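Here is what each chain is made of, one letter per residue.
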Amino acid sequence: MINVSGNARVDGNARVYGTARVGGNVWVGGDALVFGKAQVRGDAEIFGDAQVRGEAEIYGNARVGGYARVFGKAQIFEDAVVYGTAQVRGDALVFGKARVGGDALVFGNAQIFEDARVFGNAQIFEDALVGGNVWVGGDARVYENAQVYGKAQVYGKAVVCEYARVSGDARVDGNARVGGEAEINSNKDWCFIAPDLTVYRSRCAERYEIRNGGGELVSLETLSEVQLAEFFDWFI
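What counts, and where the lines are drawn
- Residues numbered from 1 in each chain as written.
- Predicted model: local features only at pLDDT ≥ 70, side-chain atom pairs only at ≥ 80, totals over all residues.
- Heavy atoms only, no water.
- Helix = DSSP H or I, 4+ residues; strand = E, 2+ residues; numbered from the N terminus.
- Buried < 20%, exposed > 50% of the residue type's maximum accessible area, 1.4 Å probe, protein only.
- Contact = heavy atoms within 4.5 Å.
- Phe/Tyr/Trp six-rings, centres within 6.5 Å; stacked < 30°, edge-to-face > 60°.
- Salt bridge = Lys/Arg side-chain N within 4 Å of Asp/Glu carboxyl O.

J.: Any chance you could break down the overall build of the chain for me, citing the residues and the numbers?
T.: Tallying secondary structure elements over the chain gives 1 helix and 32 strands in all. Residue burial in the chain is summarised as follows: out of 236 residues, 46% are buried. For the chain, contacts bridging at least 24 residues in sequence account for 4% of all contacts bridging at least 6.

J.: Explain the packing of aromatic side chains residue by residue, including any values.
T.: In this structure the tally under the stated criterion is 8 aromatic pairs. Their ring planes at 0° and their centres at 5.0 Å tell us that Tyr17 and Phe35 sit as a pair that is stacked. You can see Tyr17 sitting in the loop between strand 2 (15–16) and strand 3 (21–22) and its partner Phe35 sitting in the loop between strand 5 (33–34) and strand 6 (39–40), a full 18 residues away along the chain. Of the residues examined, Tyr17 reaches a relative accessible area of 28% and is grouped as partly exposed. Arranged with centres 4.9 Å apart and planes meeting at 5°, the rings of Phe77 and Phe95 form a pair that is stacked. Here the residue Phe77 occupies a position in the loop between strand 12 (75–76) and strand 13 (81–82), and Phe95 occupies one in the loop between strand 15 (93–94) and strand 16 (99–100), the gap between them amounting to 18 residues.

J.: Tell me about the environment of Asp173, and please be specific about residues and values.
T.: Locating Asp173 in the fold gives a position in the loop between strand 27 (165–172) and strand 28 (177–180). Residue classification places Asp173 among the buried positions, given a relative accessible area of 14%. As for Asp173 and Ala158, which are separated by 15 residues in sequence, their C-alpha atoms are 5.4 Å apart.

J.: Can you lay out the pattern of salt bridges for me, pointing to particular residues and giving the numbers?
T.: Applying the stated criterion across every chain yields a total of 3 salt bridges. Between Asp11 and Arg9 there is a salt bridge, with the nearest N and O atoms lying 2.8 Å from each other. Classification of Asp11 as partly exposed rests on a relative accessible area of 30%. Overall, the relative accessible area of 45% leaves Arg9 in the partly exposed class. Residue Arg171 is joined to Asp173 by a salt bridge in which the shortest nitrogen-to-oxygen separation is 3.8 Å.

Structure below.
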């Protein structure tokens, strides 16, 4: 089988083997490996000690470098970059101008797109969506059907999960947890959710539970997004 076609180049110690295919104007260099049933096409670049395997697809102007691993049926495309020791696997998609680096993990059906940045030890998984100019770093987790977009920041050991949405200029830090159907949307410079604070919106009631690090109920009200942001300003 011909693994390399078109104007594709494989340089240095890089290898393409198995039933993997590399075509178009692709460059595979350094000690990179492309194998299994992986496909790399368009103007994509695979370099450093990166590995692309399984049924993964890299295309457009995407780049995978460093010690990054892309496998399963994951797709990296458009102008996205995966670097460091990050892993993208499963059916995950990284596209737009998104960046995934450090020791970050993106898996399941998660999508990282637009100008989003995922780094550190962050994990994005299941059906989570992270887009816009978002930063997710540290040991943060975004999962289930959660969405983070706008200019929001999620870091520390914070968790955004279930059907929660964090957007605008909101900042979720420390051990804070945003879950249920909570919506945090601040148009202020900062809407800071204090460490050890949990925000949860019940699926069966139009209300939020706000608890401190000891699990004690701080407030239980029906709050608009504006009221919720004001509450946080007061709380901290």
